[in-house]
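Notes for the structure review
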Amino acid sequence: QVQLVESGGGLVQPGGSLRLSCAASGSVFAINDMGWYRQAPGKQRELVAAISDGGSTNYADSVKGRFTISRDNAKNTVYLQMNTLKPEDTAVYYCNADVLLVSRSRISSWGQGTQVTVSS
């Protein structure tokens with residue numbers, strides 16, 4: 001019904017930057033909140049940043065001042081600009097969207113994940 005496709009992950013040195021993108025497609029009528037989560041090996045999945053359809057944002061304390069979440073509602077796309085990356089940011093990053101379908105059903109949809117590795 002809905003597909004979230006992420007891109008932009010990779011290997012970067014400490015202090016570097018990456019920009020993740022996540023585009024939603026399928027039977028989308030509207031998208032409410034969108035967010036990025038991450039899961040490091042042996043750890044639980046955690047919220048990194050979220051943005052409402054009105055543009056309100058919230059961030060995990062660990063990324064405040066370094067990461068910026070934004071969205072393009074016309075493209076059903078959410079972005080995560082990650083600056084000053086640290087080795088502890090290494091994880092698989094997942095996109096999430098609260099989607100109102102054309103059928104007027106509401107679902108929480110997840111992307112497949114994209115690996116971010118911060119290492120020298």
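Residues numbered from 1 in each chain as written. Predicted model: local features only at pLDDT ≥ 70, side-chain atom pairs only at ≥ 80, totals over all residues. Heavy atoms only, no water.

**Observations concerning the overall build of the protein chain**
Applicable threshold: Strands are runs of DSSP state E lasting at least 2 residues, helices are runs of H or I lasting at least 4, and numbering of each runs from the N terminus. Residue exposure (1.4 Å probe, protein chains only): buried if accessible area is under 20% of the type maximum, exposed if over 50%, otherwise partly exposed. The criterion used for residue contact is that any of the two residues' heavy atoms lie within 4.5 Å. The accessible surface values rely on the Shrake-Rupley method and a 1.4 Å probe; as for residues, cover is taken only from the protein chains in view.
Looking only at helices and strands, the protein chain features zero helices and eleven strands. Going residue by residue from the N terminus, the α and β elements of the protein chain occur as β-β-β-β-β-β-β-β-β-β-β. Over its C-alpha atoms, taken along the principal directions, the protein chain stretches across nearly 50 × 25 × 25 Å. The buried share of the protein chain, reckoned over its 120 residues, is 41%. For the protein chain, the proportion of contacts with a sequence separation of at least 24, taken over those separated by at least 6, is 55%. Counting every atom, the protein chain has about 6,200 Å² of accessible surface; 46% of that belongs to carbon and sulfur.

**Structural notes on the pattern of salt bridges**
How we decide: Any Lys or Arg side-chain nitrogen found within 4 Å of a carboxyl oxygen on Asp or Glu counts as a salt bridge.
Counted according to the given criterion, the structure contains five salt bridges. R38 is the partner of E46 in a salt bridge, and the nearest nitrogen-oxygen pair spans 2.7 Å. Linking K64 and D61 is a salt bridge whose minimum nitrogen-to-oxygen distance equals 3.1 Å. With respect to burial, K64 and D61 carry one shared label: exposed. The network of salt bridges with shared partners includes R38, E46, R66 and D89.

**Side note on the sheet that holds strand β3 (residues 18–26)**
Where we set the bar: Pairing between strands is defined by DSSP: at least two bridges between the two strands are required. Orientation is described by lines fitted to C-alpha atoms, with helices fitted over the stretch in contact, and by angles between N-to-C directions that extend from 0 to 180 degrees.
Read from one edge of the open sheet, four strands run β1-β3-β8-β7, paired in antiparallel fashion. At either end of the open sheet lies a strand with only one pairing partner, and these are β1 (2–7) and β7 (67–72). Looking at each pair of strands side by side, their axes are set apart by 15 degrees on average, direction ignored. Across six bridges, β7 lies against strand β8 (residues 77–82) in antiparallel orientation. Counterpart to F67 in the pairing with β8 is M82.

**Concerning unusual backbone geometry**
One non-glycine residue, T84, lies in the positive phi region at around 45 degrees. As for its position among the elements, T84 is in the loop between β8 and β9 (91–101). Look at T84 and you get partly exposed, because its relative accessible area is 45%. Phi angles above zero are rare outside glycine, and R104 is one such case at about 80 degrees.

**Observations concerning the nonpolar core**
Basically, it comes down to this: Note on terminology: a nonpolar core comprises buried Ala, Val, Leu, Ile, Met, Phe, Trp, Tyr and Cys residues joined through side-chain atoms within 4.5 Å.
Core analysis: the largest hydrophobic core is formed by 30 residues, its most contacted members being W36, V48, F67, V78, L80, M82 and Y93. Counting residues per element, the ones that place at least two in this core are β1, β3, β4 (28–39), β5 (46–51), β7, β8, β9 and β11 (114–118). With six residues, β9 is the single largest residue contributor to this core. Filtering out sequence-adjacent residues up to four positions away, F67 remains in contact with R38, V48, Y59, L80, Q81, M82, N83, L85, D89 and Y93.

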